[in-house]
2 protein chains.
Amino acid sequence: MKRTHAYSAASATAPLAHFTLDRRDPLPNDVQIEILYCGVCHSDIHQARNEWQNTIYPCVPGHEIVGRVTAVGSHVTKFKVGDTAAVGCMVDSCRICPSCAAGNEQLCDQFPIFTYNGPDKHSGGVTYGGYSDAIVVDEAFVLRVPENLDLAATAPLLCAGITTYSPLRQWGVKAGQKVGIVGLGGLGHMGLKFAHAFGAHTVLFTTSPGKAEDAKRLGADEVVLSKNADEMNAHASSFDFILDAVSADHDINAYLNLLKADGAVVLVGAPEKPLAVAAFPLLMKRRRLAGSLIGGIAETQEMLDFCGEHNITSDIEMIPIQKINEAYDRVLKSDVKYRFVIDMASLKG
Amino acid sequence: MKRTHAYSAASATAPLAHFTLDRRDPLPNDVQIEILYCGVCHSDIHQARNEWQNTIYPCVPGHEIVGRVTAVGSHVTKFKVGDTAAVGCMVDSCRICPSCAAGNEQLCDQFPIFTYNGPDKHSGGVTYGGYSDAIVVDEAFVLRVPENLDLAATAPLLCAGITTYSPLRQWGVKAGQKVGIVGLGGLGHMGLKFAHAFGAHTVLFTTSPGKAEDAKRLGADEVVLSKNADEMNAHASSFDFILDAVSADHDINAYLNLLKADGAVVLVGAPEKPLAVAAFPLLMKRRRLAGSLIGGIAETQEMLDFCGEHNITSDIEMIPIQKINEAYDRVLKSDVKYRFVIDMASLKG
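Caption draft 1: Local environment of the overall build of chain A. Counting its regular elements, chain A contains 11 helices and 18 strands. Principal axes of the C-alpha set define a box for chain A whose edges measure 60 × 40 × 35 Å. Out of the 349 residues belonging to chain A, those deemed buried represent 60%. Long-range contacts, defined here as pairs at least 24 residues apart, represent 66% of the contacts in chain A between residues at least 6 apart.

Caption draft 2: Up close: the side chain of Asn 253 of chain A. Along the chain, Asn 253 of chain A falls in helix H8 (residues 252-256). Overall, the relative accessible area of 13% leaves Asn 253 of chain A in the buried class.

Caption draft 3: Structural context of helix H4 (residues 160-170) of chain B. Residues and elements named next belong to chain B. Most of H4 sits out of view: nine of its 11 residues are buried. Where H4 is concerned, the buried positions are Ala 160, Gly 161, Ile 162, Thr 163, Thr 164, Tyr 165, Ser 166, Pro 167 and Leu 168. Immediately downstream of H4, the backbone of Gly 172 shows phi near 70°, a positive value.

Caption draft 4: Region of interest: the state of the cysteines. All names here are of chain B. Enumeration over the complete set of coordinates arrives at zero disulfides over all chains. Cys 38 takes part in no disulfide bond, and the closest cysteine sulfur, belonging to Cys 41, lies 9.6 Å away. Sulfur of Cys 89: no disulfide; nearest cysteine sulfur belongs to Cys 159 and is 3.8 Å away. When its relative accessible area of 7% is taken as the criterion, Cys 89 is described as buried.

Caption draft 5: Main features of helix H10 (residues 297-310) of chain B. Residues and elements named next belong to chain B. Along its 14 residues, H10 runs 20 Å from first to last C-alpha, staying within 8% of the 20 Å computed at 1.5 Å per residue. When we look at burial in H10, the residues that qualify are Ile 297, Glu 299, Thr 300, Gln 301, Met 303, Leu 304, Phe 306, Cys 307 and Gly 308. Against strand S6 (90-92), strand S9 (143-144), helix H3 (151-154), H4 and helix H5 (186-197) lie the buried residues of H10. Looking at the residues trailing H10, positive phi occurs at Asn 311, about 55°.

Caption draft 6: Representation of the nonpolar core within the structure. Judged by nonpolar contacts, the single largest core of 91 residues is most densely connected at Tyr 131, Phe 194, Phe 241 and Ile 324 of chain B. Top element by residues in this core is strand S3 (residues 30-40) of chain B. It accounts for six residues. Two domains share this core, each providing at least three of its residues, namely domain 1 (2-159 + 295-307 + 315-347) and domain 2 (161-291) of chain B. Counting residues in hydrophobic clusters, the runner-up holds 90 residues, among them Ala 86, Leu 143, Ala 195 and Met 303 of chain A.

Caption draft 7: Broad picture of the relation of the copies chain B and chain A. Superposition of chain B onto chain A requires a rotation of 180° combined with a translation of 0.0 Å along the rotation axis, giving an RMSD of 0.0 Å. Both copies are brought into coincidence by an operation consistent with a two-fold rotation axis.

Caption draft 8: Just the interface of chain B and chain A, in detail. Counting residues at the interface gives 36 residues for chain B and 36 residues for chain A. Regarding the contact of chain B and chain A, the summed buried area is about 3000 Å², with carbon and sulfur atoms giving 65% of it. Broken down residue by residue, the surface that chain B buries against chain A is led by Leu 107, Leu 283 and Arg 286 of chain B, which jointly contribute 22%. Linking chain B with chain A are two salt bridges.

Caption draft 9: Expanded view of the domain arrangement of chain A. Residues and elements named next belong to chain A. Domain annotation of chain A identifies domain 1 (2-159 + 295-307 + 315-347) and domain 2 (161-291). Computed over C-alpha atoms only, the centres of domain 1 and domain 2 are separated by 28 Å. The partner domain 2 presents 18 residues to the 15 residues of domain 1 that form the contact. Summed over both sides, the interface between domain 1 and domain 2 buries roughly 1500 Å², with carbon and sulfur atoms accounting for 56% of that surface. When residues of domain 1 are sorted by the area they lose upon contact with domain 2, Phe 306, Asp 315 and Tyr 338 head the list and together hold 43% of the total. Linking domain 1 with domain 2 are three salt bridges, by the criterion used here. Notably, a salt bridge pairs Glu 302 with Arg 169, separated by 3.6 Å at the nearest N-O pair. The tally of links between domain 1 and domain 2 comes to 12 residue pairs in polar contact (both at pLDDT 80 or more). No other element matches helix H10 (residues 297-310), which puts six residues into the side of domain 1 that touches domain 2.

Caption draft 10: Quick peek at the packing of aromatic side chains. All chains considered together, the criterion is met by 22 aromatic pairs over all chains. Ring geometry for Phe 19 of chain A versus Tyr 128 of chain A: centroids 5.9 Å apart, planes at 65°, classification edge-to-face. Separated by 109 residues along the polypeptide, Phe 19 of chain A in strand S2 (residues 17-23) and Tyr 128 of chain A in the loop between strand S7 (113-114) and strand S8 (134-138) bring together distant segments of the chain. Measuring from centroid to centroid gives 5.2 Å for Phe 205 of chain A and Tyr 255 of chain A, while their planes differ by 80°, and the two rings are edge-to-face. Highlighted residues: Phe 205 of chain A in strand S11 (residues 201-206) and Tyr 255 of chain A in helix H8, separated in sequence by 50 residues. An aromatic cluster is present here, built from Tyr 165, Phe 194, Phe 198 and Phe 306 of chain A joined pairwise through their rings. Positioned above the aromatic ring of Phe 306 of chain A, the side-chain terminus of Arg 169 of chain A is 5.2 Å from the ring centre. One residue, Lys 178 of chain B, lies across the ring of Phe 239 of chain B, its end atom 4.7 Å from the ring centre.

Caption draft 11: Up close: the sheet that holds strand S16 (residues 288-291) of chain A. Strand order in this open sheet of 12 strands is S12(A)-S11(A)-S10(A)-S13(A)-S14(A)-S16(A)-S16(B)-S14(B)-S13(B)-S10(B)-S11(B)-S12(B), and the pairing throughout is mixed. In this open sheet, the two strands that pair with only one neighbour each are strand S12 (222-225) of chain A together with strand S12 (222-225) of chain B. Across this sheet, the average inter-strand angle for adjacent strands is 20°, counted without regard to direction. In this structure, strand S13 (residues 239-244) of chain B lies alongside strand S14 (residues 259-267) of chain B, joined through five bridges in parallel fashion. When the sheet's bridge partners are listed, Phe 241 of chain B is paired in S14 of chain B with Ala 264 of chain B. Each of strand S10 (178-182), strand S13 (239-244) and strand S14 (259-267) of chain A together with strand S16 (288-291) of chain B touches helix H4 (residues 160-170) of chain A; the most contacted strand, S13 of chain A, lies at about 155° to it. Strand contacts of H4 of chain B: S16 of chain A together with strand S10 (178-182), S13 and S14 of chain B, with the helix running at about 155° to S13 of chain B, the strand carrying the most contacts.

Caption draft 12: Structural context of the pattern of salt bridges. For the structure shown, the criterion picks out 42 salt bridges over all chains. The salt bridge partner of Asp 30 of chain A is Arg 24 of chain A, with a shortest N-O separation of 2.7 Å. Taking relative accessible area as the criterion, Asp 30 of chain A reaches 2% and is therefore assigned buried. Looking at Arg 24 of chain A, the relative accessible area reads 13%, which means it is buried. The salt bridge partner of Lys 193 of chain B is Asp 315 of chain B, with a shortest N-O separation of 2.6 Å. You can see Lys 193 of chain B sitting in helix H5 and its partner Asp 315 of chain B sitting in the loop between H10 and strand S17 (316-320), a full 122 residues away along the chain. The burial state of Lys 193 of chain B is the same as that of Asp 315 of chain B; both residues are buried. When salt bridges that share partners are traced, they join Asp 92, Arg 95, Lys 121 and Asp 138 of chain A into one network.

Rules of the game
- Residues numbered from 1 in each chain as written.
- Chains lettered and ligands numbered in written order.
- Predicted model: local features only at pLDDT ≥ 70, side-chain atom pairs only at ≥ 80, totals over all residues.
- Heavy atoms only, no water.
- Helix = DSSP H or I, 4+ residues; strand = E, 2+ residues; numbered from the N terminus.
- Buried < 20%, exposed > 50% of the residue type's maximum accessible area, 1.4 Å probe, protein only.
- Contact = heavy atoms within 4.5 Å.
- Disulfide = S-S within 2.5 Å.
- Expected span 1.5 Å × (residues − 1).
- Core = buried A, V, L, I, M, F, W, Y, C linked by side-chain atoms within 4.5 Å.
- Domains from an automatic or database assignment.
- Least-squares fit on C-alpha atoms with pLDDT ≥ 70 in both.
- Buried area = accessible area lost by both parts, 1.4 Å probe.
- Salt bridge = Lys/Arg side-chain N within 4 Å of Asp/Glu carboxyl O.
- Polar contact = N/O pair within 3.5 Å; in protein donor to acceptor, adjacent residues only side chain to side chain.
- Phe/Tyr/Trp six-rings, centres within 6.5 Å; stacked < 30°, edge-to-face > 60°.
- Lys NZ or Arg CZ within 6 Å of the ring centre and 35° of its normal.
- Pairing = 2+ DSSP bridges.
- Axes fitted to C-alpha atoms, helices over the stretch in contact; angles between N-to-C directions.

Spelled out as structure tokens, the structure:
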């Protein structure tokens, strides 16, 4: 058993604070990782604050993990001590259902085992995430990191990256298409980078005029202020695909109406209130509204490899773990460009 | 010019009554058709009563037309005098936009010219539909009818048939799949017949226990009472595809939750109020919500040919045109199994 330092929430209202836990000794298929960097995802806040009404405390968030392999089980073939490795939102799944068999572990019929607050089938209790100095994960759920990427800026690829890469790939976004990204936050800024890298004419929708310049730097060919009805109407029925990364309540029909025939709006944010969807815009052009959730392990590796080839990482702001509560407050105010990443060396200090 | 007898609405509140109009002499590409039968679609009522706020009066509804060719223009190659012919919801489109080029005239960027209440580009004014004894249509929008089909029962295929056939085909419904049909009316009963003919395990969702027997006769393998939460939950995450033919307000999330990963609910009914769509059911299984609208001309011909091969027609109740107002009242009460068809001989009486 490895004594591990971490930061945890003791309740829905307690600030995150230092905590120690024991990680299992590596089983034959396990990889033990010293965590170097962990991204801060809005889901971490939802979970820590019990906003999904299912949190088991103490809760150690964190599912954008990059680190160094410090030990491997006897059957491990993909990793050796000293390798760079990464872990995303899942640490296991049933591996036999049709979704798992198709490489979509995130859609597992038995539900994937999430990196935190999931049932820990080895040690009992719940899984503890990446706000810690070490983690032990079955190698089937550990990713390789291309050598040329900055490790800290790679961490957010494990959730924000795959969450936006996967739907753009699933829906076949490519050169010659017109693609929209709604919202410029942690997800949206990665969506912009990928849509641009895939060669699409990429349009950012935002409510903030101040974000236009940054959006163009990140890959937007055009920026549309979504509150300006004239600007929106000028794009009616012209989009092949729109990735909607907004978690706040918003008018989804305004985006459905921008799709050409057979186009799709895909949600990766999860607004709390149901969306009011008018049937006519869907019928008249056979438009589609869908959701997407992270991606499978093979696709996550494909995404990391793509990022290596195209030198894509997240724009980040590094923090010591002692600033995590402040960082949460700033995430809630969308005051981050575009992802906080915890420098885990701070946990040793 | 051919003096044509018809039934029209003079205003949103006037009952339909006898009316005469002139059809153009056939142009080189035109087919002149003596109408034998015309189905009664709920859209006819919406249009006659100006429920879409765009009706130009007098309004002659009817877009499920079957008849006999009585004259052809000099360039017509597909039809000759004496042939059986059919006309559906469209009589023309721009023919050059990407949707038209792809055979999806119903999604035409310039809007298709609908069979009634559309801009008549030859005679000016609006197009007049099938509640009449003759119609003149460009041969590109005239369909061939398989010889073995009952002509009266074929008429509803031109709207109810293609409206359900097209989405089942687009989304690849086939043997081995579990497919739901929501609502057993004019559309739903055709959806059942097609899903069954395509070999899918077909489940009808209804609010009416009394419809179970008829549903099974029409092709349902199972019938689920949608108001029974236990019955619904037993089917959670198990459907490949659900065709939703309900125009009344209803809980769409109850159906989205029945889809397996990557499954789709496709709307062919158009509820007036926006649907309240929860984001989570879409995200968690990458589920899809889409719309569909009739079908293209080539696909409509494919559907008619499929019906000929499988001997599929609509279940109908025949009426003389003098009973059309009564029929409208009964459609609004869902009191028809499952489509009224006007015997146009009654117009000559």
